[in-house]
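# Report on the structure
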Amino acid sequence: MDKTSDTPTVGNLCVDGRVVGNLCVDNTPKSQRCRSCRVGRAMLCPMSALVSSSNRDLKFLRAAAELWAQEEQEIGFLARLFTQTSLPYQEPKTKDRWERRNGDLVLTVTPGPSGYPYGTVPRLLLHWLSTEAVRKQSRELTLGRSLSDFMRQLGMTPTGGKNGTITRLMMQSERLFLASLSVRWESETEAGRRVSGGQMSVASSFDLWQSHRDDPGAESLFPSTVKLSGDFFDEVVSRPVPVDLGALRALRGSALRLDIYCWLTYRMSYLKRSSTVSWETLRAQFGSDLADTKQGRAQFKRDFTKHLAAVLLVYREAKVEATDAGVVLQPSRTHVPFKGLKQLSSVPSD
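What this report covers is the structure whose coordinates are included nearby. (Residues numbered from 1 in each chain as written. Predicted model: local features only at pLDDT ≥ 70, side-chain atom pairs only at ≥ 80, totals over all residues. Heavy atoms only, no water.)

## Here's the deal with the sheet that holds strand β13 (residues 319-322)
- If you trace the three strands from one edge of the open sheet to the other, you get β12-β14-β13, paired in antiparallel fashion. Where the open sheet ends on each side, the last strands, each with one partner, are β12 (275-278) and β13. Strand-to-strand, the axes of this sheet are offset by a mean angle of 20°, without reference to chain direction.
- Contacts between helix α9 (residues 255-268) and the sheet are confined to β12, β13 and β14 (326-330), with β14 contributing the most and set at about 40° to the helix. (Pairing = 2+ DSSP bridges. Helix = DSSP H or I, 4+ residues; strand = E, 2+ residues; numbered from the N terminus. Axes fitted to C-alpha atoms, helices over the stretch in contact; angles between N-to-C directions. Contact = heavy atoms within 4.5 Å.)

## A short note on the nonpolar core
- Counting residues in hydrophobic clusters, the biggest one holds 77 residues, and the most contacted among them are Tyr261, Leu264 and Phe304.
- When sequence neighbours within four positions are dropped, the list of residues in contact with tyrosine 261 reads Val243, Asp244, Ala247, Leu248, Leu251, Val311, Tyr315, His335 and Val336. (Core = buried A, V, L, I, M, F, W, Y, C linked by side-chain atoms within 4.5 Å. Buried < 20%, exposed > 50% of the residue type's maximum accessible area, 1.4 Å probe, protein only.)

## Observations concerning the pairing of strand β3 (residues 75-79)
- β3 sits mainly inside the fold: five of its five residues count as buried.
- Side chains Ile75, Phe77 and Ala79 project from β3 onto one buried face, and the interleaved Gly76 and Leu78 project onto a second face that is buried too.
- Judged from the five bridges that link them, β3 and strand β11 (residues 240-244) form a sheet pairing that is antiparallel. When the bridges of β11 are listed, glycine 76 appears paired with valine 243.

## Quick look at the packing of aromatic side chains
- By the definition in use, this model includes 10 aromatic pairs.
- Ring centres of tryptophan 263 and phenylalanine 286 lie 5.4 Å apart, and the angle between their planes is 80°; on these two criteria the pair is classed as edge-to-face. With tryptophan 263 in helix α9 and phenylalanine 286 in helix α10 (residues 279-286), this residue pair connects regions lying 23 residues apart in the sequence. As far as burial versus exposure is concerned, tryptophan 263 and phenylalanine 286 are alike and both buried.
- Relative to phenylalanine 300, the ring of tryptophan 279 has its centre 6.4 Å away and its plane inclined at 85°; by these criteria the two rings are edge-to-face. Of this pair, tryptophan 279 sits in helix α10 while phenylalanine 300 sits in helix α11 (residues 294-314), and the two are 21 residues apart along the sequence. For the residue pair tryptophan 279 and phenylalanine 300, the accessibility class agrees, reading buried in each case.
- Put simply, the rings of Trp263, Trp279, Phe286, Phe300 and Phe304 pair up and form one aromatic cluster.
- We note arginine 283 situated over the ring of phenylalanine 300; from NZ or CZ to the ring centre the distance is 5.8 Å. (Phe/Tyr/Trp six-rings, centres within 6.5 Å; stacked < 30°, edge-to-face > 60°. Lys NZ or Arg CZ within 6 Å of the ring centre and 35° of its normal.)

Honestly, it's all geometry; don't read function into it.
So this is what it looks like as structure tokens:
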């Protein structure tokens, strides 16, 4: 970062010798600050929030810089339900069910015999399944003959061992496909309280790789397949939310970042006026393993603000401000125009 002898101002942030953005410091004159810092009273500069010696942070900044330079977006999709609610971030301690709320919408996850789906892997799977369902307009999807090829499609690098990515993918795939999802809407009307809802699973059947774990590039005798449930398929193809697959790859290191990005992309598609989402509402929607105490709520706010800053490096058009009252959203251009629906639906099925 460039510095003067006495008064720090805005400096260039470089990745691999390229200037990828500005870095603001505490006393940078407002006129020289980046847009995110000028519009926000409490938000960290997205760049400065991520600058560290961590190789992981540098890798993310390189991925973000590549997105800025791309001429065309690689468009994918996600079922609208998962832009409004989310799966667990860590293994839930409760054994019977796990719940998440977004206003009047409540998602309840009941685990299958192998446990809860959680973390980044089931989210990446949901993006892939949603995108393929819209592209092919079919419930029956082929994951591929090669495990490593499919993992590359998810942006994962195959690694073996008990804690390797191959084990994680196999475990989380099974958990996602065997879990039961209940969706409930609660609302107050002039006639009284109204409740509606339904239950569904992601897959009605699946057949996954069970061999060649030591050689993930080896082709299986039979391809791995999944048949989406009718309810999930209808949810995806009738209400798909366009997302940038490049953005998902850049953000895949954090499940919370993936969720924030998809939520913002969907909210900005219909936001017409300024809206403040309280920290209490954000805690209920995105969840937190922290205690519901003053210290726990303050830590959630700090964590969410940091991950939000990372998302804003990727989704730079979003006009978002983190304040003491909550996150203020201003009408912004959605990250992927909904005209992408026509573009992707025209892609021929393989």
